[in-house]
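# Structural description and commentary
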Amino acid sequence: MTQPAKTTLLSTKTTARYSSENGKPPIVTSGELTPELLADFENGCYAYFSMKDVNDDKQVSKIAWGLQDARVQVWYRANRDEINKDGFSEFMKSLEPTG
């Protein structure tokens, strides 16, 4: 994901946290998205998709708002039609930290 201009005064130095409840989409709080955290989120999403029988074309829209960082939400909201069309695998690739 290309880093957008900073749109919030929240600290980006904190590490995001992952949480999941059985039968609900996983949540990641605001903060740094580490590879380990994204792997947990991805696994939680696959479990949610399986449990709720989410069709491929609806997967991204069902979980995107669980990434609670304002920068991710602004990026998703501005590009959601294309992001949803590209599917979950591409969505996850776009979240991988660069550099």
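Our subject in this report is the structure included herewith. (Residues numbered from 1 in each chain as written. Predicted model: local features only at pLDDT ≥ 70, side-chain atom pairs only at ≥ 80, totals over all residues. Heavy atoms only, no water.)

### Remarks on the pattern of salt bridges
Counted under the stated rule, the structure contains four salt bridges. We note a salt bridge from Asp 69 to Arg 71, for which the minimum N-O separation is 2.5 Å. In this structure Arg 71 comes out as buried when scored by relative accessible area, which is 16%. (Salt bridge = Lys/Arg side-chain N within 4 Å of Asp/Glu carboxyl O. Buried < 20%, exposed > 50% of the residue type's maximum accessible area, 1.4 Å probe, protein only.)

### Some remarks on the packing of aromatic side chains
Summed over all chains, the structure comprises eight aromatic pairs. Both rings, one in Tyr 46 and one in Phe 88, keep their centres 5.1 Å apart while their planes meet at 80°; by these two values the pair is edge-to-face. On the criterion of sequence distance, the pair formed by Tyr 46 in helix H1 (residues 35-52) and Phe 88 in helix H4 (residues 88-95) is long-range, its members being 42 residues apart. Taking relative accessible area as the criterion, Phe 88 reaches 4% and is therefore assigned buried. Where Phe 49 meets Phe 88, the ring centres are 5.0 Å apart and the plane angle is 90°; that geometry is what we call edge-to-face. Linking Phe 49 in helix H1 with Phe 88 in helix H4, this pair joins segments that are 39 residues apart in sequence. Neither residue differs from the other here; Phe 49 and Phe 88 are each classed as buried. An aromatic cluster is present here, built from Tyr 46, Tyr 48, Phe 49, Trp 65, Trp 75, Tyr 76, Phe 88 and Phe 91 joined pairwise through their rings. (Phe/Tyr/Trp six-rings, centres within 6.5 Å; stacked < 30°, edge-to-face > 60°. Helix = DSSP H or I, 4+ residues; strand = E, 2+ residues; numbered from the N terminus.)

### Some points on unusual backbone geometry
Positive phi values are uncommon outside glycine, yet Asp 53 reaches one of about 50°. You can see Asp 53 is positioned in the loop between H1 and helix H2 (59-63). We classify Asp 53 as exposed; its relative accessible area is 66%.

### Points about the nonpolar core
Formed by 22 residues in total, the largest nonpolar core has its most connected members in Phe 41, Ile 63, Phe 88, Phe 91 and Leu 95. Breaking this core down by element, the ones donating at least two residues are H1, H2, helix H3 (70-86) and H4. Ranked by the residues each element gives to this core, the list is headed by H1, at six residues. What Phe 41 contacts, discounting residues up to four positions off in sequence, is Tyr 18, Pro 26, Val 28, Ile 63, Leu 67, Phe 91 and Met 92. (Core = buried A, V, L, I, M, F, W, Y, C linked by side-chain atoms within 4.5 Å. Contact = heavy atoms within 4.5 Å.)

### Here's the deal with the packing of H1 against H4
In a packed pair of helices, the relevant descriptors are the angle between the two axes and the axis-to-axis distance. In the contact formed by H1 and H4, the axes pass within 11 Å of each other and the chain directions differ by 165°. The angle between H1 and H4 falls in the class roughly antiparallel. Helix-helix and strand crossings are classified by hand; for H1 and H4 the assignment is right-handed. When H1 is examined against H4, the residues Leu 38, Phe 41, Glu 42, Cys 45, Tyr 46 and Phe 49 are found in contact with a partner set consisting of Phe 88, Ser 89, Phe 91, Met 92 and Leu 95. (Axes fitted to C-alpha atoms, helices over the stretch in contact; angles between N-to-C directions. Parallel < 35°, antiparallel > 145°, perpendicular 65-115°, else oblique. Left-handed = near helix turned anticlockwise from the far one by under 90°.)

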